[in-house]
Amino acid sequence: MFARFRRKRLHPVLRDLVRETTLSPKDFIYPLFIRSGEGVKNEVASMPGVYQMSVDSAIMECDILKSLGIEAVILFGIPDVKDSVGSDALCDHGIIATAIRAIKKAHPDLFVVTDLCFCEYTDHGHCGVLNPDLQTVDNDITLQNLAKQAIVHAKAGADMIAPSGMMDGMIEAIRQGLDSAGFSHIPIMSYSTKFASAYYGPFRDVAESAPSFGDRRSYQMDPANRREAILESLEDERQGADILMVKPALAYLDIVRDIREATKLPLAVYNVSGEYSMLKMAARAGVIDYERVMMETLLGFKRAGADIIITYHAKEAAKLLA
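Residue positions are given per chain, counting from 1 as you read along its sequence in written order. It should be noted that, the model being predicted, local features are given only for residues of pLDDT at least 70 and side-chain atom pairs only at 80 or more, the latter also being counted only at that level, while totals for whole chains, interfaces and linings use all residues. To obtain the side-chain values, all non-hydrogen atoms of the structure were used and water was disregarded.

## Some words on the layout of surface pockets
Cavities and pockets were defined on a 1 Å grid built over protein atoms only: a cavity is a set of grid points that admits a 1.4 Å probe from which the probe cannot escape, a pocket is an open set flanked by protein on both sides within 12 Å along at least five of seven lines, and lining residues are those with an atom within 4 Å of any such point. Grid points are joined across faces, edges and corners, and a volume is the space filled by probe spheres set on the points. Computed from the structure, the largest pocket encloses a volume of approximately 270 Å³. Taken together, Asp16, Arg19, Thr21, Thr22, Leu23, Arg292, Met295, Glu296, Leu299 and Leu321 make up the full set of residues lining the largest pocket. Helix and strand labels come from DSSP, where a helix needs a run of H or I of at least four residues and a strand needs a run of E of at least two; each type is numbered from the N terminus. The biggest single contributor to the lining of the largest pocket is helix α10 (residues 290-304), with 4 residues.

## Some thoughts on helix α9 (residues 273-285)
Counting along an α-helix, one turn takes 3.6 residues, and residues three or four places apart therefore face a common direction. Under the 1.5 Å per step criterion, the end-to-end length of α9 is 18 Å for 13 residues, consistent within 8% with the ideal 18 Å. Listed as buried for α9 are Ser273, Gly274, Glu275, Tyr276, Ser277, Leu279, Lys280 and Ala282. At its buried positions, α9 is contacted by β3 (47-53), α6 (201-206), β11 (267-271), α10 and α11 (314-321). Backbone geometry just after α9 places Gly286 at a positive phi near 75°. For a helix, the expected span equals 1.5 Å multiplied by the number of residues minus one. Relative accessible area decides the class of each residue, using a 1.4 Å probe on protein chains only: under 20% of the type maximum gives buried, over 50% gives exposed, and in between gives partly exposed. Residue contacts are defined here by distance: any two heavy atoms, one from each residue, within 4.5 Å place the two residues in contact.

## Re empty space enclosed by the protein
Within this structure, the stated rule accounts for 3 cavities of 30 Å³ or more. In this model, the largest cavity occupies a volume close to 90 Å³. Cys119, Lys194, Phe203, Arg216 and Lys247 are, among the 14 residues lining the largest cavity, the residues nearest its centre. Class assignment of the residues belonging to the lining of the largest cavity gives a composition of 6 nonpolar, 2 polar and 6 charged. As a working rule, the residues Ala, Val, Leu, Ile, Met, Phe, Trp, Tyr, Cys and Pro are called nonpolar, Asp, Glu, Lys and Arg charged, and the rest polar, with Gly in that last group.

## Quick word on the pattern of salt bridges
Once their charged atoms are close, side chains differing in charge can pair, the charge on each being opposite to the other. A carboxyl oxygen of Asp or Glu within 4 Å of a side-chain nitrogen of Lys or Arg is what we treat as a salt bridge. One pass over the structure, following the stated rule, counts 13 salt bridges. Counted as one network, the salt bridges with shared partners bring together Lys41, Glu61 and Lys315.

## Some thoughts on a positive patch on the surface
Exposure above 30% relative accessible area and the lack of any salt bridge qualify a residue for a patch; like charges then connect within 9 Å, and the nonpolar side chains Val, Leu, Ile, Met, Phe, Trp and Tyr within 5 Å. Where accessible areas are quoted, they stem from the Shrake-Rupley method and a 1.4 Å probe; at the residue level, only the protein chains shown are allowed to cover. Counting rule for charge: Lys and Arg are taken as positive, Asp and Glu as negative, and neither His nor the chain ends is counted. The atoms used to mark charge sites are NZ of Lys, CZ of Arg, CG of Asp and CD of Glu. Residues Arg4, Arg6, Arg7, Lys8 and Arg9 make up a contiguous surface patch of positive charge. You can call Arg7 exposed: its relative accessible area is 54%.

## Some words on the side chain of Asp138
As for its position among the elements, Asp138 is in the loop between β7 (136-137) and α4 (139-156). As used in this structure description, the phrase polar contact means that two N or O atoms lie within 3.5 Å; if the pair is within protein, one of them must be able to donate a hydrogen and the other to accept it, and residues adjacent in sequence are counted only when both atoms belong to side chains. Reaching out from Asp138, the side chain makes a polar contact with the backbone nitrogen of Asp140 at a distance of 3.3 Å.

Below is the structure:
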């Protein structure tokens, strides 16, 4: 007798009962891009529905997020002044430290994650202090600054630190820095396998973080390398990361599954700007059912093994899940 799989698909209640993978607003972390000023909410042309916001506008946005059941945000800063070392990121009164304090004061129950990197803060747009001879980021000097940056964020009230610069040894350096400053309770969500991807294009518009020369292939991963991708995440686990991440998500679901099978740690994916904007532009062109494709995409991340999804779709998806 052949198998009749369709018997479990005929009734909608039974379909729900046997569904293997589900989405919830509690799966999402929503990115916020913070700049100085008051009443600022500037939509980014390449990312419809995504805004640069002043702190007061971000606080109001958090009201909306909470009403939708979204309990976590990740903050990115856009400073007024950039320099060669990203000094604003190391300052207790910099844009992100200021934003953390204000958001946590207004929303103490919101889980605030901070992106830990220097590309938004340096005048050259790279992710740390440059080595002029090699024309790339000086790994070990940048490790020292990442530890300082993490302590600034923790002092301001961040609930979790998310280093994204792909420096070798960054988790060990940040963990030691946090622990020595009395923040051993602060978890680290590492951008542990982050590829040098063309999918980041629109993000560089909103974060104003495009490199002034070259690219980031000397520190972000080669998209062709699968075995190395697994090693990167497992090394960050060894150094003390509490949560691992794959970025981007959509073109790297094989890597998500590989890492899911190699670790017991929670696993995040970053549904990046190019992935988001492709769906938005396809919807504008009338070639897809936007809401169905969006939800199918997010479900695919969960099915591949992600526990956490950082996504610009979070508000729209949460409304559909209500």
